Structure formats: structure tokens, C-alpha cells
Number of protein chains: 2
Amino acid sequence: MKIGIVGGTGDIGEGMALRLSTRHEVIIGSREETKARAVSTTCRLRLDEMGKACCLSGVSNQAAVDEAEIVVLGLPYEHLVSTIRSLTGFEGKIVVSPVNPMTFGETVSYVPPPEGSAGLLLKRLLPESARIVVAFNNIAAHRWQMIREELDYSVAVCSDDEEAKRTVMALVDTISNLTSLDAGPLKNAVLVESLTPLILNISKYNRMKDVGVYFR
Amino acid sequence: MKIGIVGGTGDIGEGMALRLSTRHEVIIGSREETKARAVSTTCRLRLDEMGKACCLSGVSNQAAVDEAEIVVLGLPYEHLVSTIRSLTGFEGKIVVSPVNPMTFGETVSYVPPPEGSAGLLLKRLLPESARIVVAFNNIAAHRWQMIREELDYSVAVCSDDEEAKRTVMALVDTISNLTSLDAGPLKNAVLVESLTPLILNISKYNRMKDVGVYFR
């Protein structure tokens, strides 16, 4: 399964590329193809050092969408609308959103768009045949990057497309020790996304680092 | 510290009374005092059987408010406004809200009032000197009741009153193996409350029982 990461040179994108490319074919996308190629090379060197083989390349965001079967949106919320509007070819693809609409003030707040969540905003922006899956929202970018450490968090996944949801849940379960959990329809994206500001606040107010969530 | 449980004859109220009364003085309140007394007796018998001493009595909701230093609102969201409006004497008291505004349809949804959360709704309803603390929102009523089993969940706590928050966090830490976590100001009640429908959905869609949450 080819995985394209739009915004793959950002913190989360790069970390996901590192973790995913040892088991899947990963295409890092960026607005600047040269940057994507550079990050791809850095990732390959880091994995080489650990004696890990990987399948990784750097391309434009558009090529990442075109070539992939699963497109991961490794974007900060502020760039979501403009990036999606600048791209085409999402028809029939599984589109994974780890995007959380948040503001960082005195405290971290969930600030969803009028649609109710980033997931539902994507439903309006993307073609109807795009298979939107909300997942990976609650994992700290920093932890994605620490590839010598295992990730053992729970990963809540929601979508209106049952088959796409199952595919992404199976993908989650191939990464380190992550455990996928079905969180229901896309309507529930608000619940999954708003967990991230709670995690960040808990981290802040209790001076804990890289807090993760577990449902048991 | 005297703890009054308004709505103490409901599922969560009774479970909290069972867990709290072995270490604190607990006053179970109810609209019908006779019902409160009956539940108090049942709880005492259950704890007796386990050889546990407790300090427990049953009174009216109004007496539970009047006599307690900490008032826990063991109410379903639907009865929150009418119950609060029927009571007086909250001035200066610590008022703990484990209340989650939810609807149970095809999926469980968070349906907050216009104020943004049950916590902020209480801020409007209660006198200004009431010290509102949102806590215990994410623990299944059923797990409160299973007193032979330990509870080891994380309990997110938020409030605008730092001293009241610290008092409730210390109270959380006296119950079984629960771990309190500071979740910031009362504004964050929306994040703590909306975690409960996520937990219930994860429970439903993955056929898991009494799901709890851990932040680590």
C-alpha cells in the first residue's frame, strides 16, 4: 500500500515517514519538491544508521496525492484549506486526517470550523468519493520522531467509510505497538480532535512530557 | 472533609458514596429523603460485608448542600438545571461536576449548552462565590459500583479556583488508585466532558466493557 504524506516535511509528517517507511512504501510530499527530497534523504540516513531498510521518496504534494493509495494530511490546521484547494486528484483515495484545529493561548483550546471538526470540513472540501478517515490525532509529533522508542498509545479512528476505516486501523496496528480503536462515524471527529488540546493541557499543567492516551 | 452528593441515589452517586465513605464523611442527598436513607443503609451493609467501616448518612438534596463542604453533583445532565434551581446555599462551597451533556443516538454525541460546557453552565447558574470544579467525568458509573475492584484511571480536573482544584485533586488521589491530573481552567471543561462520549463510543464500537482513560 503506497502512502503519500502531504506536508511530509513538517514535524508529524517526517516522524510518520520514519515510522511507516520501514514497513510500507512512503512518498513524502512538500510544496517544494527539493525539500521533500532532502527530508527523504535524511530519513533514509537515520534509518540506515539503525540498520533498517526503508522505502521512501520525496516528491511534490501533488505527486504524493497522485501516486498514493492512502494520502495522509501532515498539515497544521492553518494550512489545511489552502493546501487542499491547491491540490487535485483525491477522488477515490483514502485521505487520513491527523489535523487538530487548536489555538495556543493561556491554555490550549479546541477551535473547530463551523462544520464542527477538521474531519467534517474536509468532507466539504474534498470530492464526494474521497474516503476520509480521522486518525493519528493524539500522538505528539516529538514521539513520532523518536524512532528508537516504541509507541504504545491507543489510536482512535473514525470514518463514514467502513472499509477505509478498517484499512487505516490495520495500518495503525503495523506501527510500533500502537493499538487502533474504532471511534465510529466521521461525525465523531470532534471528539477525537478535541482530545489533543486536553492532552496538551494535561502535559502543560502537570509538567509531563509527550503525554499519550490509552483507552483500556 | 464532609462530602455531600446531590443526586446520591443515582448510579454514579451511589458508587461514589461507596468509594468515598470509607475515607471521608459522606452525606447522600436525594429529592426524597427516605430514598437517600435507604441507599445509605444499602451502602453501609455492602461495606459492612467487606469488613469496611464507613461514615454515611441519607438526607434531602438541600441538606446535603447545607451540611457539606464539598458538594458533588451526581446528576444526569437533563436534571442539572432544574435541580440546581431548586436548591440554595452553594455560596462559598466547592461544587464538583462530573456531569456530561450527551445524547445517545446511533452514536454518542457531546451536546453542550450555549455556555460551552456543563461546567460553564454551572458558572452561570450558581452564586459567584461557588467554587466550581469539573472532575470524575470519565469514570463509568458501573466501575464506581464494583467496590471489590480497584480504579486506576487518570482523572482530569479543571477549575478557575486553584485552591478548590487542589482540594479536589487531593480527594481524587484518596480514592482507590485514581490519579488526578490538572487540566487547567474551567474553560477546559468542554475538553474533559467531551472525552466521555468518546470513551462510550470506543466502548460501543470495539465491544469493550467499562472503558477507562489513562494519560501517561
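Whatever comes next refers back to the structure up there.
None of these values were measured; they are calculated from a predicted model. (Residues numbered from 1 in each chain as written. Chains lettered and ligands numbered in written order. Predicted model: local features only at pLDDT ≥ 70, side-chain atom pairs only at ≥ 80, totals over all residues. Heavy atoms only, no water.)

Caption draft 1: Structural detail: the overall build of chain A. Secondary structure assignment for chain A yields nine helices and eleven strands. For 216 residues, the compact-globule estimate of 2.2 N^0.38 gives 17 Å, and chain A sits close to it at 16 Å. Taken along the three principal axes of its C-alpha coordinates, chain A extends 40 × 40 × 30 Å. Long-range pairs, those at least 24 residues apart, make up 70% of the contacts in chain A with a sequence separation of at least 6. On chain A, roughly 8700 Å² of surface is accessible, and the fraction owed to carbon and sulfur atoms is 50%. Taking the average location of the 23 positive side-chain charges in chain A and that of its 26 negative ones, the two points are 4 Å from each other. (Helix = DSSP H or I, 4+ residues; strand = E, 2+ residues; numbered from the N terminus. Rg over C-alpha atoms; globule rule 2.2 N^0.38 Å. Contact = heavy atoms within 4.5 Å. Areas by Shrake-Rupley, 256 points an atom, 1.4 Å probe, with all protein chains shown as cover. Lys, Arg positive; Asp, Glu negative; His and termini not counted. Charge placed at Lys NZ, Arg CZ, Asp CG, Glu CD.)

Caption draft 2: Region of interest: the sheet that holds strand β8 (residues 131-134) of chain A. Residues and elements named next belong to chain A. With mixed pairing, eight strands are arranged side by side in an open sheet as β3-β2-β1-β4-β5-β8-β9-β10. The open sheet has two free edges, formed respectively by β3 (55-60) and β10 (179-182), since each of these has just one partner strand. The average undirected angle you get between the axes of adjacent strands in this sheet is 25°. For strand β1 (residues 2-6) and strand β2 (residues 25-30), the ladder comprises four bridges, and the chain directions are parallel. Paired with I5 across the strands is I28, a residue of β2. Contacting β1, β4 (70-73), β5 (94-97), β8, β9 (154-159) and β10, helix α7 (residues 162-173) runs over the sheet at an angle of about 160° to β10. (Pairing = 2+ DSSP bridges. Axes fitted to C-alpha atoms, helices over the stretch in contact; angles between N-to-C directions.)

Caption draft 3: Spotlight on the interface of chain B and chain A. Chain B puts 34 residues into the contact, and the matching count from chain A is 34 residues. For the pairing of chain B and chain A, the buried interface totals around 2600 Å² over both sides, and the portion due to carbon and sulfur atoms is 65%. Applying the counting criterion to the chain B and chain A interface returns zero salt bridges. Those elements that place two or more of their residues in the side of chain B that touches chain A are β7 (108-110), β10 (179-182), α8 (189-193), α9 (195-205) and β11 (213-215) of chain B. For the side of chain B that touches chain A, the element with the most residues is α9(B), which contributes seven residues. Residue composition of the side of chain B that touches chain A, grouped by class: 21 nonpolar, eight polar and five charged. (Buried area = accessible area lost by both parts, 1.4 Å probe. Salt bridge = Lys/Arg side-chain N within 4 Å of Asp/Glu carboxyl O. Nonpolar A, V, L, I, M, F, W, Y, C, P; charged D, E, K, R; others polar.)

Caption draft 4: How the structure looks around the pattern of salt bridges. Residue and element names in this part refer to chain A. Enumeration according to the criterion identifies 22 salt bridges over all chains in this entry. One salt bridge in this structure joins E149 and R143, with 3.7 Å as the shortest N-O distance. Here the salt bridges share partners, and the residues they tie into one network are E162, K165, R166 and D182.

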